[in-house]
Amino acid sequence: MKAAVVTSFGRAPRYQEFPVPTPAGPDDVLVDVIAAGLHPRVRSQATGSHYTSTGELPLVPGIDGVGRGPDGSVRYFVLPDTTTGAMAEQTVVDVRRSIVLPETADPIAVAAAMNPAMSSWIALRRRTTFQAGQNVLVLGATGNAGQMAVQIAHRLGAAQIIAAGRNGERLAALPALGATDTVLLGGDSESGDSESGDLGSATAEVDVVIDYLWGRPATAAITALVTARADRGRPLTWIQIGSVAGPTAEIPSAALRAARLQVVGSGQGSVGAREILAELPSLVAEIADGTFVVDARPTPLADVENAWATSGSQRIVLTP
Ligand SMILES: NC(=O)c1ccc[n+]([C@@H]2O[C@H](COP(=O)([O-])OP(=O)(O)OC[C@H]3O[C@@H](n4cnc5c(N)ncnc54)[C@H](OP(=O)(O)O)[C@@H]3O)[C@@H](O)[C@H]2O)c1
């Protein structure tokens with residue numbers, strides 16, 4: 001079969017022949033892949049830099065996707081850590097880690113949206129006791145996951161949704177998706193740092209932060225939020241999800257003492273596989289119903305090398 005194959009962590013996957021993987025367990029089936037999303041997580045898998053990487057090569061990347069099973073059903077699937085990923089004509093899926101899509105579902109939209117959407121869906125439903133009427137700050141709201149977080153916070157009934165990011169143009173589109181306020185983060189475009197902008201006044205009453213940035217913007221934002229808080233006893237849950245601005249962030253000790261700040265993470269490991277799988281049906285149903293605006297760009301798998309070199313706001317979905 002044809003697949004996107006990584007033979008060296010230093011270069012993009014190539015479209016080439018690869019052996020068809022063989023189902024091994026009793027719940028494994030071979031599916032014909034219809035669509036697989038090129039998420040940041042897949043890029044870090046393909047460079048060997050993700051924390052789950054074992055360094056094994058060759059590797060077909062792709063952590064999730066939509067495929068047609070031997071029984072004809074079209075399924076969204078999530079793969080375990082494997083070297084035979086979704087960016088191939090065929091892949092092996094454990095049916096327990098998949099869900100049959102409703103007939104109305106658009107496979108491209110599902111493949112594009114599930115990974116970015118799951119980040120905040122699971123964070124708000126599994127890593128905090130979020131309740132309708134609470135206020136949410138999305139730090140790094142201009143990416144695919146951030147835009148989904150705005151929409152998901154809205155869908156789950158957040159009262160105030162503050163969207164913060166460094167890209168003014170994309171930020172301006174977020175009120176149409178549910179943001180009640182936007183904050184343009186400032187900073188040094190050379191170093192990629194973005195500081196807290198005017199977060200302080202806008203975020204005094206925030207209950208939950210969904211943080212895709214980390215790095216210096218997170219340090220600046222923690223200080224700004226804690227300082228702005230009228231009631232420092234009001235719980236503030238900071239959910240760390242992505243680190244596009246840096247893998248580490250300094251947390252001032254005073255911030256932890258002066259406010260009821262709790263920092264947690266949400267991702268593979270901090271949320272168990274069983275919990276992640278339990279959230280799939282409800283989120284798939286929302287996406288299939290068209291609840292969220294999804295910005296997908298279908299691209300033939302044969303163009304994988306060009307796709308890898310492409311950056312931009314749309315989520316690339318490879319189609320074998
Ligand atoms: N833990 C989980 O469950 C989970 C799930 C999905 C995603 N994630 C993580 O979440 C992050 C975002 O994913 P994504 O799918 O949204 O990626 P994406 O679509 O590529 O978006 C990334 C966004 O980050 C912005 N950005 C980059 N550096 C920045 C900085 N220094 N300050 C402010 N904004 C900056 C970019 O905006 P510009 O236009 O300004 O460049 C871009 O819009 C990634 O780290 C990903 O791995 C985690």
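The rules behind each value
- Within every chain, residues take consecutive numbers counted from 1 along the sequence as written.
- Side-chain atom pairs in this predicted model are given and counted only at pLDDT of 80 or more, local residue features only at pLDDT of at least 70, and totals for whole chains, interfaces and linings cover all residues.
- Note that water and hydrogens are dropped before the side-chain values are worked out from all heavy atoms of the structure.
- Only protein chains enter the accessibility calculation, which uses a 1.4 Å probe; a residue whose area is less than 20% of its type maximum is buried, one above 50% is exposed, and one in between is partly exposed.
- A run of H or I in DSSP counts as a helix once it spans at least four residues, and a run of E counts as a strand once it spans at least two, with each numbered from the N terminus.
- Note: two strands are recorded as paired if DSSP finds a minimum of 2 bridges between them.
- By definition, the crossover connecting two strands over a helix is right-handed if that path, from the first strand to the second, turns clockwise as seen with the strands pointing away from the viewer.
- Only protein atoms enter the calculation, which uses a 1 Å grid: trapped sets of points that fit a 1.4 Å probe without letting it out are cavities, open sets showing protein on both sides within 12 Å along at least five of seven lines are pockets, and any residue with an atom within 4 Å of a point is a lining residue.
- Grid points are joined across faces, edges and corners, and a volume is the space filled by probe spheres set on the points.
- Following the grouping adopted for this structure description, the nonpolar residues are Ala, Val, Leu, Ile, Met, Phe, Trp, Tyr, Cys and Pro, the charged ones are Asp, Glu, Lys and Arg, and the polar ones are all others, Gly among them.
- We define the nonpolar core as a collection of buried residues of types Ala, Val, Leu, Ile, Met, Phe, Trp, Tyr and Cys that are connected through side-chain atoms lying within 4.5 Å of one another.

Enquirer: Please explain the pairing of strand β11 (residues 208-211) as it appears in this structure.
Expert: Residues of β11 alternate between two faces, with V208 and I210 on one and V209 and D211 on the opposite face, all of them buried. As paired elements, strand β8 (residues 136-139) and β11 share four bridges and run parallel to each other. The residue bridging V136 from the neighbouring strand is V208, located in β11. Two strands pair when backbone bridges link them, and β11 and strand β12 (residues 236-240) are joined in this way by four bridges, in the parallel orientation. When the sheet's bridge partners are listed, I210 is paired in β12 with I239. Note on the crossover from β11 through helix α6 (residues 215-228) to β12: the handedness is right-handed.

Enquirer: I would appreciate a short explanation of the layout of surface pockets in the present structure.
Expert: One simple way to see leftover space: roll a probe sized like a water molecule over the atoms. Estimates place the volume of the second largest pocket at around 200 Å³. Lining the second largest pocket are 16 residues, and of these N144, Q147, L177, V293 and D295 sit closest to its centre. A per-element tally of the lining of the second largest pocket places helix α3 (residues 144-155) first, with four residues. Across the lining of the second largest pocket, the residue classes break down as nine nonpolar, four polar and three charged.

Enquirer: Sorry, what's going on with the nonpolar core here?
Expert: Grouped burial of nonpolar side chains is what soluble globular proteins tend to show. Y76 and M114 are the most contacted members of the largest nonpolar core, which has 52 residues in total. Mapped by element, the contributors of at least two residues to this core are β5 (74-78), α2 (107-126), β8, α3, β9 (161-165), β11 and α8 (273-288). A per-element tally of this core places α2 first, with 12 residues. With 26 residues, the next largest nonpolar core counts V42, L59, A86 and I316 among its residues.

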